[in-house]
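Spelled out, the chains give:
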Amino acid sequence: MLCKWYNIETYDGVKKVQGLGEKITAEMLNRYGYNWDRPKSIKTPYGNYTPDFFVPNISGGYEFFIEVKGMRTALKMVGLLSLLENGKTKWAGTLDENSYLKMKWVHENVHPILIYINDNDNDHKYKDWKDDLYSKLKDFKVIYGKENMRLTIRNGWFKKQEDE
């Protein structure tokens, strides 16, 4: 499963993003004037984790990460579903919540993580899993769909959890 890489022009040069969901996110962040970067890997007790985006110094120095997932990948990440239903590739056919544990550790110990679940035409297959997914991700701010993400960015983005 190879994702296409895109070059995105930013205020401080060209940055590469992986996949259409990240491309859409980067373009929205640019459109609404947010600085962002591609973060370095973070060591956690569960292994290294590299968020998709880092948004520095908004509203009084508040910083956070953005993780972009498709619905199927999000279900795999939290250990609810294997990535491939046929499981031809061993790692893709197993249930494993290690990615979730890494993200949760970073969310609690480094910076908050906003999870953007990019909607696509295949998501209807996974609609019955949404409640289970959101229950598992209850400690995170989760945004589903391009239009919701656009509105969130345009309308002031991401408040500190204690302000909500």
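These numbers were taken from a predicted model, which means no experiment stands behind them. (Residues numbered from 1 in each chain as written. Predicted model: local features only at pLDDT ≥ 70, side-chain atom pairs only at ≥ 80, totals over all residues. Heavy atoms only, no water.)

1. Some details on the pairing of strand β1 (residues 5-10)
Within a regular beta strand, the side chains point alternately toward one face of the sheet and then the other, so they alternate between its two faces.
Consideration 1: Along β1, the buried face is formed by Tyr6, Ile8 and Thr10; none of Trp5, Asn7 and Glu9, which line the opposite face, is buried.
Consideration 2: Strand direction decides the pairing type here: β1 and strand β2 (residues 13-18), joined by six bridges, are antiparallel. Directly across from threonine 10, in β2, lies its bridge partner glycine 13.
Consideration 3: Counting the residues in the hairpin turn of β1 and β2 gives two residues. (Buried < 20%, exposed > 50% of the residue type's maximum accessible area, 1.4 Å probe, protein only. Helix = DSSP H or I, 4+ residues; strand = E, 2+ residues; numbered from the N terminus. Pairing = 2+ DSSP bridges.)

2. With respect to the nonpolar core
Consideration 1: Residues Ile113, Ile115, Leu133 and Leu137 are the most contacted members of the largest nonpolar core, which totals 21 residues.
Consideration 2: Mapped onto this core, the elements with two or more residues apiece are α2 (71-77), α3 (98-109) and β7 (113-118).
Consideration 3: A total of four residues in this core trace back to one element, the largest contributor, which is α2.
Consideration 4: Each residue touching isoleucine 115, except ones within four places of it in the same chain, is listed here: Glu67, Met77, Met103, Leu137, Phe140, Lys141, Val142 and Ile143.
Consideration 5: By size, the runner-up hydrophobic cluster in this structure holds 20 residues, among which are Tyr6, Ile8, Leu29 and Met149. (Core = buried A, V, L, I, M, F, W, Y, C linked by side-chain atoms within 4.5 Å. Contact = heavy atoms within 4.5 Å.)

3. Details of the environment of glutamate 67
Consideration 1: Mapping glutamate 67 onto the fold places it in strand β6 (residues 62-70).
Consideration 2: Taking C-alpha positions, glutamate 67 is 4.8 Å from isoleucine 115, a pair spaced 48 residues apart along the chain.
Consideration 3: When sequence neighbours within four positions are dropped, the list of residues in contact with glutamate 67 reads Tyr49, Thr50, Pro51, Asp52, Met103, Ile113, Leu114, Ile115 and Tyr116.
Consideration 4: Within the local environment of glutamate 67, its side chain forms a polar contact with the side chain of lysine 69, the two groups lying 3.2 Å apart. (Polar contact = N/O pair within 3.5 Å; in protein donor to acceptor, adjacent residues only side chain to side chain.)

4. Re the side chain of glutamate 22
Consideration 1: Note on placement: glutamate 22 falls in helix α1 (residues 20-31).
Consideration 2: Within the structure, glutamate 22 has its side chain in polar contact with the side chain of arginine 38 (distance 2.7 Å).
Consideration 3: What glutamate 22 contacts, discounting residues up to four positions off in sequence, is Val17, Arg38, Asp52, Phe53 and Val68.

5. Some points on the confidence of the model for the protein
Consideration 1: Looking at the protein, pLDDT values average 83 and 82% of them are 70 or higher.
Consideration 2: Model confidence for the protein, summarised as mean pLDDT per element, is weakest for helix α5 (residues 146-154) at 83 and strongest for strand β3 (residues 42-44) at 97.
Consideration 3: Note on residues 160-164: pLDDT under 50 across the span, and six contacts to partners over four residues away in sequence or across chains. (pLDDT = per-residue confidence, 0-100.)

6. What about the pattern of salt bridges?
Consideration 1: Counted under the stated rule, the structure contains ten salt bridges.
Consideration 2: Across the pair lysine 15 and aspartate 37 runs a salt bridge, and its minimum N-O distance is 3.7 Å. Pair noted here: lysine 15 is in strand β2 and aspartate 37 is in the loop between α1 and β3, with a separation of 22 residues, a long-range link.
Consideration 3: Residue class for aspartate 37 comes out partly exposed when judged on its relative accessible area of 36%.
Consideration 4: Residues joined in a network through salt bridges with shared partners are Asp12, Lys15 and Asp37. (Salt bridge = Lys/Arg side-chain N within 4 Å of Asp/Glu carboxyl O.)

7. Focus: the packing of aromatic side chains
Consideration 1: Counted by the stated rule, this structure contains three aromatic pairs.
Consideration 2: Plain terms: the ring middles of phenylalanine 54 and phenylalanine 65 are 5.4 Å apart, the flat faces sit at 50° to each other, and that makes the pair tilted. Of this pair, phenylalanine 54 sits in strand β5 (residues 53-58) while phenylalanine 65 sits in strand β6; the two residues are eleven residues apart in sequence, bridging distant segments of the chain. Taken as a pair, phenylalanine 54 and phenylalanine 65 share a single burial class, namely buried.
Consideration 3: The side chain of lysine 23 reaches across the aromatic face of tyrosine 6, ending 5.5 Å from its centre.
Consideration 4: Above the plane of the ring of tyrosine 144 lies lysine 130, whose end atom (NZ or CZ) is 3.9 Å from the centre. (Phe/Tyr/Trp six-rings, centres within 6.5 Å; stacked < 30°, edge-to-face > 60°. Lys NZ or Arg CZ within 6 Å of the ring centre and 35° of its normal.)

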